[in-house]
Amino acid sequence: MSPLDRNIPNLTGDGEGSVQVHQDETAKIEGAKVFSVYGKGGIGKSTTSSNLSAAFSKMGKRVLQIGCDPKHDSTFTLTGTLQPTVIDILKSVDFHSEELRPEDYVATGYNGVKCVEAGGPPAGTGCGGYVVGQTVKLLKQHHMLEDTDVVIFDVLGDVVCGGFAAPLQHADRALIVTANDFDSIYAMNRIIAAVQAKSANYKVRLAGCVANRSKDTDEVDRYCKTVGFNRIAHMPDLDAIRRSRLKKKTLFEMPDDEEIVQVRKEYMRLAETLWNGTLPLAPAPLPDREIFELLGFD
């Protein structure tokens, strides 16, 4: 049995029909505003998280972004390179965390944003929720959260995974990235249900959604009106945003083209909205058949 398996924390009931990793009370994040970013795979969560981190930093906030996916590609536009993961670094010292220093797993990216990649266990060998928990524990041990104003968790897209659920134990608000299409909104509906289940026992509440890579927002807005949710930003489908990923840069480092300037403004507006506080939304997610009827067509 590996150290990763031996150190799985206790499990507990956590929302109706749910069994999830239980948060260690000593691992609570205090003093910072904590946001978790969700959405289906490939929807642009990392692009959204990194540009949002950059926007918060432009507001003068001290920002920490934590990537929660084994692909460990959340922060590369902030740092210009793929960062080693916390779980790989822990393995390299045989899980003796006392041997680690902050610089072993925390990188400084664009405009001072602190960047961490939690990583994850190989498929079928451990719990992603444990990895997130160990990452927060390390950050607390090294006092990295004491001088932080904003923490952003960039979370993998699998709703049933402990790695999906664990950041909700820390977050104040959950933000969902979607597109103006059926698959993305269908995934958002499931994510809303998952966050609502966690909110029964934790402080996390839904902030709203970001329409990403979308020319229009009519389907997103129709869904939001139906369930009682809010769209709080719209990032258009621009080639400039894709180019920024290829160049390993945030939009704030790209040339001042008119389109890029406008999207930067939208990220700044989103950061200000989240910092100033959003209403704690409690939408009513639709049963699967009803969302098919709402969004489908003959």
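- An unreviewed UniProt entry lists the chain under the name Light-independent protochlorophyllide reductase iron-sulfur ATP-binding protein, with Planktomarina temperata RCA23 given as the organism.
- Comment text from UniProt for the chain, heading Pathway (unreviewed entry), reads "Porphyrin-containing compound metabolism; bacteriochlorophyll biosynthesis (light-independent)."
- Quoted verbatim from the Catalytic activity (unreviewed entry) heading of the UniProt record, the comment on the chain is "chlorophyllide a + oxidized 2[4Fe-4S]-[ferredoxin] + 2 ADP + 2 phosphate = protochlorophyllide a + reduced 2[4Fe-4S]-[ferredoxin] + 2 ATP + 2 H2O".

1. Overview of the UniProt feature "binding site: Mg(2+)" (unreviewed entry) in the chain
Then, in step 1: Taking the UniProt record as the reference, the feature "binding site: Mg(2+)" (unreviewed entry) is found at S46.
Then, in step 2: Looking at the secondary structure, you find S46 in helix α2 (residues 45–58).
Then, in step 3: Other than its neighbours up to four places away in sequence, S46 contacts D73, S74, D154 and R245.

2. A word on the sheet that holds strand β6 (residues 114–117)
Then, in step 1: The sheet built from eight strands is open, its strands ordered β5-β6-β4-β7-β3-β8-β9-β10 with mixed pairing. Where the open sheet ends on each side, the last strands, each with one partner, are β5 (107–108) and β10 (231–235).
Then, in step 2: Judged from the four bridges that link them, strand β3 (residues 33–38) and strand β8 (residues 173–178) form a sheet pairing that is parallel. Bridge pairing links Y38 to I176 in β8.
Then, in step 3: Against the sheet, α2 touches β3, β4 (63–68), β7 (150–155), β8 and β9 (205–212), its axis set at about 170 degrees to β7.
Then, in step 4: This element, helix α11 (residues 258–276), spans β3, β7, β8, β9 and β10 of the sheet and lies at about 160 degrees to β10.

3. Here's the deal with the environment of T273
Then, in step 1: For T273, the position within the fold is in helix α11.
Then, in step 2: Note on T273: relative accessible area 25%, which makes it partly exposed.

4. Section: the pattern of salt bridges
Then, in step 1: With the rule as written, the count across this model stands at 14 salt bridges.
Then, in step 2: With a closest N to O distance of 3.5 Å, E103 and R101 form a salt bridge.
Then, in step 3: By relative accessible area, E103 is classed as exposed at 52%.
Then, in step 4: A residue is classified by how much of its surface remains accessible, and R101, at 48% relative accessible area, is partly exposed.
Then, in step 5: Connected via shared salt-bridge partners are D237, D239, R242, R243 and D257.

Definitions and cut-offs
- Within any chain, residue numbers begin from 1 and follow the written order of that chain's sequence.
- It should be noted that, the model being predicted, local features are given only for residues of pLDDT at least 70 and side-chain atom pairs only at 80 or more, the latter also being counted only at that level, while totals for whole chains, interfaces and linings use all residues.
- To get the side-chain values, take all heavy atoms of the structure and skip hydrogens and water.
- UniProt positions are given in the numbering used here, feature names are shortened, and annotations may be inferred rather than shown by experiment.
- Secondary structure elements follow DSSP: runs of H or I no shorter than four residues count as helices, runs of E no shorter than two count as strands, and numbering proceeds from the N terminus.
- By definition in these notes, contact holds between two residues if any of their heavy atoms fall within 4.5 Å.
- Any two strands with at least two DSSP bridges between them are considered paired.
- Lines are fitted to the C-alpha atoms to define the axes, a helix being fitted only along its stretch in contact, and any angle between axes, read from their N-to-C directions, falls within 0 to 180 degrees.
- Relative accessible area decides the class of each residue, using a 1.4 Å probe on protein chains only: under 20% of the type maximum gives buried, over 50% gives exposed, and in between gives partly exposed.
- The working definition used for a salt bridge is a side-chain nitrogen of Lys or Arg within 4 Å of a carboxyl oxygen of Asp or Glu.

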